[in-house]
Amino acid sequence: MIKPVPHVAAMGAYALADLGGAETISLAQNESAFPASPAAISAGQAAMAELPLYPDPEWPDLRAAISKIYQLEPDLILCGAGSMELIGCLIRAYAGVGDRVLGTDYGYAFVSSAAAQVQADYVKAREVDLTVSVGDILAALTPETRIVFVCNPGNPTGTLISNAEIISLREALPAHIMLVVDQAYAEFSDAANDPAQIFALVDRGDTVVMRTLSKAYGLAGARVGWGYFPPAIANEVRKLLNPNNISIASQAAAAAAIRDQDHMRDVVAKTAVIRDRFASDCRAMGLHVPHSHTNFVLLRFASTEQAQAADQALRDQNLLMRGMGGYGLSDCLRATICEAQVMDRAREVLKGVLT
């Protein structure tokens, strides 16, 4: 019998979202409620003529676009097939047997899977009121800690800590511990948190900042993420990246999307209006809904049973939210913000369960 290596056999499969049937409208994947920039779609379509060729492994146009918008050094930008690829390579490069990767109670779940792949221990620091706590992260450090991951804004909570708190965390961490700031939803919070302050931490040599085009830019299907890395860390991670990791069409679409900041900001603004109205309606029905800085909201019910009843009622109406039992939040559902009429439908279903 052919057998996998023991630590892989002991792992569970990464939990994928239940997408429901063909008639189901998914509010479970944190995809954009609105289409990508027309410029991005056009650029991606035009690049299809080059499909006989391998994609450029240096991502030159995409790097140039990111560099110009954020005033970053292009050589320190690495691009991946979503930020998941970059996270996996980073952990493979800097953690192994006996090492610890430290996240938080409700941090990005894939980090745990990536740590398991290299037989590193994944440990979670306590969050306070569903929000990252710098003090609790520092209290959870051990001599074995190699990497600290902070998801800001948080997923699945939607909560945000300030740049000042991120900076204070970095200053308090020992220099040999890498800080990774995962900003997958940061375009929804950049108005409150100046991105330049966090990117500047990379100059220290001990901090990595990651972003994605899957959310605010509406390119989840293109699979494009990027990160800003200190030179030494970039060199090691680059060894592990697939050299042809982002397709020609995806690179072209992503570069055009980055350059169309007006479209991205319009998507963020429209999403926020729908999000805040839906959150307000849910609070009026008695649900606890943390203030969200993302394109989703977390709905906390009075009990696990009530959350399950709401989940089933939504499914009966071909609406699917994401159950949060895997995060230890079995009394919660996470609702991706969709078009206003979809959120109105979801609100009416929830009202029927709660009244």
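Refer to the preceding data block for the structure.
Since we're looking at a predicted model, the values are computed, not measured.

1. Re the packing of aromatic side chains
1) Next: Evaluation of the coordinates by the stated rule reveals six aromatic pairs.
2) Next: Measuring from ring centre to ring centre gives 5.7 Å for Phe199 and Trp226, while their planes differ by 20°; the resulting arrangement is stacked. You can see Phe199 sitting in helix α8 (residues 195–199) and its partner Trp226 sitting in strand β8 (residues 225–228), a full 27 residues away along the chain.
3) Next: On the basis of relative accessible area, Trp226 is assigned to the buried category, the value being 1%.
4) Next: Members of the aromatic cluster, connected to one another through ring pairs, are Tyr70, Phe199, Trp226 and Tyr228.
5) Next: In this arrangement the basic side chain of Arg334 is found over the ring face of Phe296, its NZ or CZ atom lying 5.6 Å from the centre.

2. Considerations on the environment of Gly205
1) Next: Relative to the assigned elements, Gly205 resides in the loop between α8 and β7 (207–212).
2) Next: Along the backbone, Gly205 and Phe188 are 17 residues apart, and their C-alpha atoms lie at a distance of 27 Å.
3) Next: Discounting chain neighbours no more than four positions away, the residues touching Gly205 are Pro230 and Ile233.

3. A few points about the sheet that holds strand β6 (residues 178–182)
1) Next: Reading across the sheet, the seven strands line up as β2-β8-β7-β6-β5-β3-β4 and stay open at both edges, with mixed pairing between neighbours. Two strands close off the open sheet at either side, each with one partner strand: β2 (77–80) and β4 (121–125). Each strand axis lies, on average, 20° off the axis of its neighbour in the sheet, ignoring direction.
2) Next: Of the pairings in the sheet, the one linking strand β5 (residues 145–151) to β6 comprises five bridges and is parallel in character. Each bridged residue has a counterpart across the sheet, and for Ile147 the counterpart in β6 is Met178.
3) Next: The strands touched by helix α3 (residues 60–70) within the sheet are β2, β7 and β8, with β2 carrying the most contacts at an inclination of about 125°.

4. Quick notes on the side chain of Asn155
1) Next: Considering the arrangement of structural elements, one finds Asn155 in the loop between β5 and α7 (163–172).
2) Next: One polar contact links Asn155 to Arg334, side chain to side chain, over a distance of 2.9 Å.
3) Next: Setting aside its immediate chain neighbours within four residues, Asn155 contacts Asn30, Tyr106, Gly107, Tyr108, Tyr185, Phe296, Tyr327 and Arg334.

5. Comments concerning the environment of Ala28
1) Next: By the element assignment, Ala28 lies in the loop between β1 (25–27) and α2 (38–47).
2) Next: Classification of Ala28 by relative accessible area gives buried; the value is 1%.
3) Next: Residues Ala28 and Leu350 lie 322 residues apart in sequence; the distance between their C-alpha atoms is 16 Å.
4) Next: Look past the residues within four positions of Ala28 in its chain and what remains in contact with it is Leu320, Met321, Arg322, Arg334 and Thr336.

6. Side note on the layout of surface pockets
Rolling a probe over the atoms, with the probe sized like a water molecule, indicates the empty space that remains.
1) Next: Volume-wise, the second largest pocket comes out at about 230 Å³.
2) Next: Around the second largest pocket, the lining is made up of 13 residues, and of these Glu187, Asp190, Ala191, Met264 and Arg265 lie nearest the centre.
3) Next: Examining the composition of the lining of the second largest pocket, we find that four residues originate from one element, helix α11 (residues 261–284), more than from any other.
4) Next: Class assignment for the residues of the lining of the second largest pocket results in seven nonpolar, three polar and three charged.

Basis of the calculations
Residues numbered from 1 in each chain as written. Predicted model: local features only at pLDDT ≥ 70, side-chain atom pairs only at ≥ 80, totals over all residues. Heavy atoms only, no water. Phe/Tyr/Trp six-rings, centres within 6.5 Å; stacked < 30°, edge-to-face > 60°. Helix = DSSP H or I, 4+ residues; strand = E, 2+ residues; numbered from the N terminus. Buried < 20%, exposed > 50% of the residue type's maximum accessible area, 1.4 Å probe, protein only. Lys NZ or Arg CZ within 6 Å of the ring centre and 35° of its normal. Contact = heavy atoms within 4.5 Å. Pairing = 2+ DSSP bridges. Axes fitted to C-alpha atoms, helices over the stretch in contact; angles between N-to-C directions. Polar contact = N/O pair within 3.5 Å; in protein donor to acceptor, adjacent residues only side chain to side chain. 1 Å grid on protein atoms, 1.4 Å probe; cavity = no way out; pocket = protein on both sides within 12 Å on 5 of 7 lines; lining within 4 Å. Points joined across faces, edges and corners; volume = space filled by probe spheres on them. Nonpolar A, V, L, I, M, F, W, Y, C, P; charged D, E, K, R; others polar.

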